[in-house]
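Coordinates in review
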Amino acid sequence: MTALLSAQNLSFTYENTKQALKDMSFNIEQGCFCALLGPNGAGKSTFFAIASALNRPTYGNLFIHGYDIAQTPRAALALMGFVFQQTTLDLDLSILQNLRYFASLHGIGNKLGEQRIQEELERLDLYDRRHEKVRQLNGGHRRRAEIARALLHHPALLLLDEASVGLDIATRRTLVDHVHHLCQERGTSVLWATHLIDEVRENDQTIILHNGQIAGQGTAHELAAPTLEQTFNDLTQRGQTCLT
Amino acid sequence: MPYLICLKGVIIRELLRFLQQRERFFSALVRPLMWLFVFAAGFRAALGVSIIAPYETYITYEVYILPGLVGMIQLFNGMQSSLSMVYDREMGSMHVLLTSPMPRWFLLFGKLLAGAFVSIIQVYVFLIIAFGFGIELPPSGYLLVLPVLIVSSLMLGALGMVLSSRVKQLENFAGIMNFVIFPMFFLSSALYPIWKISESSIFLAQLCRFNPFTYAVELIRFSFYAQFNAQALWICLLSCLAFLSIALWGYDPAHIHKRGPK
């Protein structure tokens, strides 16, 4: 069976000679929640830039359901939904206007678009606030709106880059729960990039990224000896806790 | 069909953003109106305009600069669109556009068309105000200028897109505005005929002839009077194609990544 996401010897070097990713190989199967765990600067955002076809790998390949992102970006992008680290909503438009814009970018017509917008916003308790401008929303609601938006075209793979940064503990937990539910209910695969260990559950596929290289991978349970936090700190050779 | 849906979405978003930013609409109109009613009033006595094509008689200075001010609206709008693209890139919302499964050339072209649509609305509002103050065009001119406005706004929008693909940070954009907008506007036939400039400096007149904005202004001027300026049309179309190609090259991931992270 073809993995939904397959990174093969993925490497990326910036013009300023900084090698951001080195020989990164891993797979994500359908319906799987994969945590990409790494400290700031580990290469998570560079990986996202490649996955979203904003950058091309210097070496290696990234396949999305068999489509090479560098060769056939359109087919690959149609299968993915993104939530980037930085808010990408238009602050001066309402939630509804932002979601309609996104639906049109994916060629989703009015009728189907409105139906899906309602479904996704209701699921995240945002439908009643759909006419509010994004600027008036707090960080948690903005994130929820972005997740709703990323799911409008029913992607097979949802990629979230530090989606919980800046949110309080309760909101983070709600988001993590929601995304885990997506895996179980819809069979959506998820790549959740984070530097926060408490967002990883013991059955989650976990990849520890450090200095652009995979320092360890397996389920969180397998990696957690004696604790995931200890393993993470050992592998990334950082003496500081990442639990916040 | 998905292409049309996408194009409609991009245009609606651009329109919504424009309507939300009322001060942008206001300043887009005030700028040329100031030139038309203040600058032109001061200069009409100092600057005699002889009979030149497409005019068949002596005209007032206000009538002469009207096409130039229409070009000015489009030039500023093109730069404003590119400024908002740099802003979108810095803020991250450009990611939403570029991660669409539609072809990138189509997305960028859609963005250009949306900008052209917004600029044409501004031009017509400006022409209506000018009409209200007695600066009139032949009735057919209002209609015939429409296809020309599409070409000129696409060309100027594409130029803005080239700049947006090269400018890394918003702060650098002010310099670009000064080094692009003002030279383009002043070194053109927008405010004075080129023969008038050549009386003072042949070199400056030559610079005006190498400026694609001059041809955008002339194309607009001729269409106002139901005349066709083939040279201006070709130069505008070729410039548009050249700018668009450079912009597409600039937005290609193979070239973006070389510049590295911000």
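Bear in mind that the values here come from a model prediction, so they are computed numbers and not experimental data.

**Notes on the overall build of chain A**
Counting its regular elements, chain A contains eight helices and 10 strands. Against the globule reference of 18 Å for 244 residues, chain A gives a C-alpha radius of gyration of 18 Å, in line with a compact fold. With the C-alpha coordinates of chain A rotated into their principal frame, the extents come out at 50 × 40 × 40 Å. Expressed as a percentage of the 244 residues in chain A, the buried residues total 56%. Looking at chain A alone, contacts between residues at least 24 apart form 69% of all its contacts between residues at least 6 apart. Each charge class in chain A can be summarised by its mean position, and for the 22 positive and 26 negative side chains these summaries are 7 Å apart.

**A short note on the domain arrangement of chain A**
Often the size quoted for an interface is simply the accessible area lost on bringing the parts together. All names here are of chain A. Examined at the domain level, chain A breaks down into domain 1 (1-79 + 156-244) and domain 2 (90-154). The straight-line distance from the C-alpha centre of domain 1 to that of domain 2 is 25 Å. Contact residues are listed per partner, giving 15 residues for domain 1 and 12 residues for domain 2. Contact between domain 1 and domain 2 buries roughly 1100 Å² in total, counting both sides, with carbon and sulfur atoms accounting for 64%. Summed over the three residues of domain 1 that lose the most area to domain 2, namely Leu 175, His 178 and Arg 186, the buried surface amounts to 42% of that side. Scanning the region where domain 1 abuts domain 2 turns up two salt bridges. Linking domain 1 with domain 2 are two residue pairs in polar contact (both at pLDDT 80 or more), by the criterion used here. Going through the elements one at a time, strand S7 (157-161) and helix H6 (169-186) are the ones with two or more residues in the side of domain 1 that touches domain 2. Looking at the side of domain 1 that touches domain 2, the element that brings in the most residues is H6, giving seven residues. Considering only residue class, the side of domain 1 that touches domain 2 consists of 10 nonpolar, two polar and three charged.

**Quick notes on the state of the cysteines**
All names here are of chain A. Scanning all chains against the criterion turns up zero disulfides over all chains. Between Cys 32, a free cysteine, and Cys 34, which holds the nearest cysteine sulfur, the sulfur-to-sulfur gap is 5.9 Å. With no disulfide of its own, Cys 183 has Cys 32 as its nearest cysteine by sulfur position, at a separation of 7.2 Å. The buried category is assigned to Cys 183, whose relative accessible area is 8%.

**Things to note about the packing of helix H3 (residues 61-91) of chain B against helix H10 (residues 212-224) of chain B**
Residues and elements named next belong to chain B. Where H3 contacts H10, the two axes come as close as 9 Å, and the packing angle between them is 125°. One finds that H3 runs oblique with respect to H10. Taken as a pair, H3 and H10 cross one another with a handedness that is right-handed. The residues of H10 that touch H3, namely those facing Tyr 64, Leu 66, Pro 67, Gly 68, Val 70, Gly 71, Met 72, Gln 74 and Leu 75, are Phe 213, Val 217, Ile 220, Arg 221 and Phe 224. Its residues placed into classes, the contact of H3 with H10 shows 10 nonpolar, three polar and one charged.

**Quick notes on the environment of B:Tyr64**
Residues and elements named next belong to chain B. By secondary structure assignment, the location of Tyr 64 is in helix H3. On the accessibility criterion, Tyr 64 (1% relative accessible area) is buried. Residues Tyr 64 and Pro 193 lie 129 residues apart in sequence; the distance between their C-alpha atoms is 8.8 Å.

**Overview of the sheet that holds strand S9 (residues 205-210) of chain A**
Paired through their backbone hydrogen bonds, the strands of a sheet run either parallel or antiparallel. Residue and element names in this part refer to chain A. Judged by pairing direction, the sheet is mixed, and its six strands sit side by side in the order S6-S7-S8-S3-S9-S10 without closing on themselves. The strands lining the two open edges of the sheet, one partner per strand, are strand S6 (80-83) and strand S10 (213-219). The average undirected angle you get between the axes of adjacent strands in this sheet is 15°. Sheet topology note: the strand S3 (residues 33-37)/strand S8 (residues 189-194) ladder contains five bridges and is parallel. For Leu 37, the partnering residue across the bridge sits in S8 and is Thr 194. Of the strands in this sheet, S3, S6, S7, S8 and S9 touch helix H1 (residues 44-51), which is tilted by about 145° from S7. Each of S3, S7 and S8 touches H6; the most contacted strand, S8, lies at about 155° to it.

**Quick look at unusual backbone geometry**
All names here are of chain A. With phi around 50°, Asp 23 is a residue other than glycine that occupies positive phi space. A relative accessible area of 48% places Asp 23 in the partly exposed class. Its identity as a non-glycine residue notwithstanding, Ala 53 has a phi of 65°, on the positive side. Residue placement: Ala 53 occurs in the loop between H1 and strand S4 (59-64).

**Looking at the environment of B:Ile176**
Residues and elements named next belong to chain B. On the secondary structure map, Ile 176 appears in helix H7 (residues 173-186). Accessibility expressed as a relative area gives 23% for Ile 176, which makes it partly exposed. Note: C-alpha distance between Ile 176 and Leu 154 (22 residues apart in sequence) is 19 Å.

About the criteria used
- Sequence order as written defines residue numbering, which begins from 1 separately in each chain.
- Just so you know, chain letters begin at A and ligand numbers begin at 1, following the order they were written in.
- Totals for whole chains, interfaces and linings use every residue, but because this is a predicted model, local features are given only for residues with pLDDT of at least 70 and side-chain atom pairs only at 80 or more, for both listing and counting.
- Only hydrogens and water are removed before side-chain values are computed, so all heavy atoms of the structure are retained for them.
- Strands are runs of DSSP state E lasting at least 2 residues, helices are runs of H or I lasting at least 4, and numbering of each runs from the N terminus.
- Note on method: radius of gyration uses C-alpha positions; expected globular size equals 2.2 Å times residues raised to 0.38.
- Burial classification: accessible surface area is computed with a 1.4 Å probe over protein chains only, and a residue below 20% of its type maximum counts as buried, one above 50% as exposed, and the rest as partly exposed.
- We call two residues in contact whenever any of their non-hydrogen atoms come within 4.5 Å of each other.
- The charge count includes Lys and Arg as positive and Asp and Glu as negative, but it does not include His or the ends of the chains.
- Where a charge lies is defined by one atom per residue type: Lys uses NZ, Arg uses CZ, Asp uses CG and Glu uses CD.
- An automatic or database domain assignment supplies the residue ranges for each domain.
- Reported buried area values correspond to the accessible surface (1.4 Å probe) lost by two parts on association, with both partners' losses combined.
- The salt bridge definition used is simple: a Lys or Arg side-chain nitrogen within 4 Å of an Asp or Glu carboxyl oxygen.
- Residues adjacent in sequence count toward polar contacts only when both atoms are side-chain atoms; beyond that, a polar contact is any pair of N or O atoms within 3.5 Å, and within protein one must be able to donate a hydrogen and the other to accept it.
- Under the grouping applied here, Gly and all other residues not named as nonpolar or charged are polar, the nonpolar ones being Ala, Val, Leu, Ile, Met, Phe, Trp, Tyr, Cys and Pro and the charged ones Asp, Glu, Lys and Arg.
- We call a pair of cysteine sulfur atoms a disulfide whenever their separation is within 2.5 Å.
- Axes here mean lines fitted to C-alpha atoms, for a helix over just the part in contact, with angles spanning 0 to 180 degrees between N-to-C directions.
- Comment on the angle field: the value is read as roughly parallel under 35 degrees, roughly antiparallel over 145, roughly perpendicular from 65 to 115, and oblique elsewhere.
- Rotating anticlockwise by less than a right angle from the far helix to the near helix defines a left-handed crossing, while the corresponding clockwise rotation defines a right-handed one.
- When DSSP finds two or more bridges between a pair of strands, those strands are recorded as paired.

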